[in-house]
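Tertiary structure, described
These are the residues of each chain, in order.
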Amino acid sequence: KAVGKCKLCEPLENSALKLLGVASAIFALLFALFHMLRSTYKPRHWALRRPVLVGRRILIRWSQYSMRAKAKNIFTLFQILAVVPSTYEVSLPKELTEWAAVLRW
């Protein structure tokens, strides 16, 4: 029998500032990487040529296999699995809790 109740949340300022800082840094790095891979930039140094070409191939495959929708679904599942146990005091199966433990702070 499943029983759940709502718990009190921590102050919003603590979590919001951490999340904003991490999200901003990740966004800036991904934007720079994506911009470089989508451009016609060709590195002169041999050590950079291969990673840039591999990155461009990954972007091509990403769009060919419609991975954007699949990634959104997986991300949403992770968000739900990370929040539900701590918010509602619900016990999930062991396999799901171990899988979602990666997202807890």
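The structure we're discussing is the one just above.
Residues numbered from 1 in each chain as written. Predicted model: local features only at pLDDT ≥ 70, side-chain atom pairs only at ≥ 80, totals over all residues. Heavy atoms only, no water.

1. So, helix 2 (residues 46-64)
The test is simple: Secondary structure counts use DSSP, requiring at least four H or I residues in a row for a helix and at least two E residues in a row for a strand, with both numbered from the N terminus. Take the number of residues in a helix, subtract one, and multiply by 1.5 Å to get its expected span. Remark: exposure states derive from per-residue accessible area (1.4 Å probe, protein chains only) relative to the maximum for the residue type, with buried under 20%, exposed over 50%, and partly exposed in between. Of all possible arcs, the one meant is that of the directions from the helix axis to the C-beta atoms. Two residues qualify as a contact provided that any one of their heavy atoms is within 4.5 Å of a heavy atom in the partner residue.
Helix length check: helix 2, at 19 residues, gives a terminal C-alpha distance of 28 Å against a target of 27 Å (1.5 Å per residue), a fit within 8%. Of the positions making up helix 2, those classed as buried are Val 52, Gly 55 and Arg 56. In a view along the axis of helix 2, the buried residues occupy a sector of 100°, so they form one face of it. Set apart from the buried face of helix 2 by more than 90 degrees, the exposed residues are Trp 46, Arg 50 and Ile 58. Next to the buried residues of helix 2 lie helix 1 (12-38). Within two residues after helix 2, Ser 66 carries a phi angle of roughly 50°, on the positive side.

2. Side note on the environment of Arg 57
Within the secondary structure, Arg 57 is located in helix 2. Through-space distance from the C-alpha of Arg 57 to that of Ser 39 is 13 Å; in sequence the pair is 18 residues apart.

3. As for a nonpolar patch on the surface
For clarity, the cut-off: Patch criteria: residues need more than 30% relative accessible area and no salt bridge. Like-charged residues are merged within 9 Å; nonpolar side chains of Val, Leu, Ile, Met, Phe, Trp and Tyr are merged within 5 Å. Accessibility throughout is a Shrake-Rupley quantity obtained with a 1.4 Å probe, and a residue counts as covered only by protein chains that appear here. One speaks of a salt bridge when a side-chain nitrogen belonging to Lys or Arg is within 4 Å of a carboxyl oxygen belonging to Asp or Glu.
Residues Val 22, Ile 26, Leu 30 and Leu 33 make up a contiguous nonpolar surface patch of about 350 Å² in total accessible area. Within the fold, Ile 26 resides in helix 1.

4. Thoughts on the packing of helix 1 against helix 2
Note the cut-off: Only the stretch in contact is used when a helix axis is fitted, and all axes are lines through C-alpha atoms; the angle between N-to-C directions ranges over 0 to 180 degrees. These descriptions rest on fixed angle ranges, namely under 35 degrees for roughly parallel, over 145 for roughly antiparallel, 65 to 115 for roughly perpendicular, and the rest for oblique. Amino acid classes used here: Ala, Val, Leu, Ile, Met, Phe, Trp, Tyr, Cys and Pro are nonpolar; Asp, Glu, Lys and Arg are charged; the rest, including Gly, are polar.
Running from N to C, helix 1 and helix 2 cross one another at 95°; their axes reach a closest spacing of 9 Å. Taken together, the axes of helix 1 and helix 2 lie roughly perpendicular to each other. Only Val 52, Gly 55, Arg 56 and Leu 59 of helix 2 make contact with helix 1, whose side of the interface consists of Phe 34, Met 36, Leu 37 and Arg 38. Of the residues assigned to the contact of helix 1 with helix 2, the class counts are 5 nonpolar, 1 polar and 2 charged.

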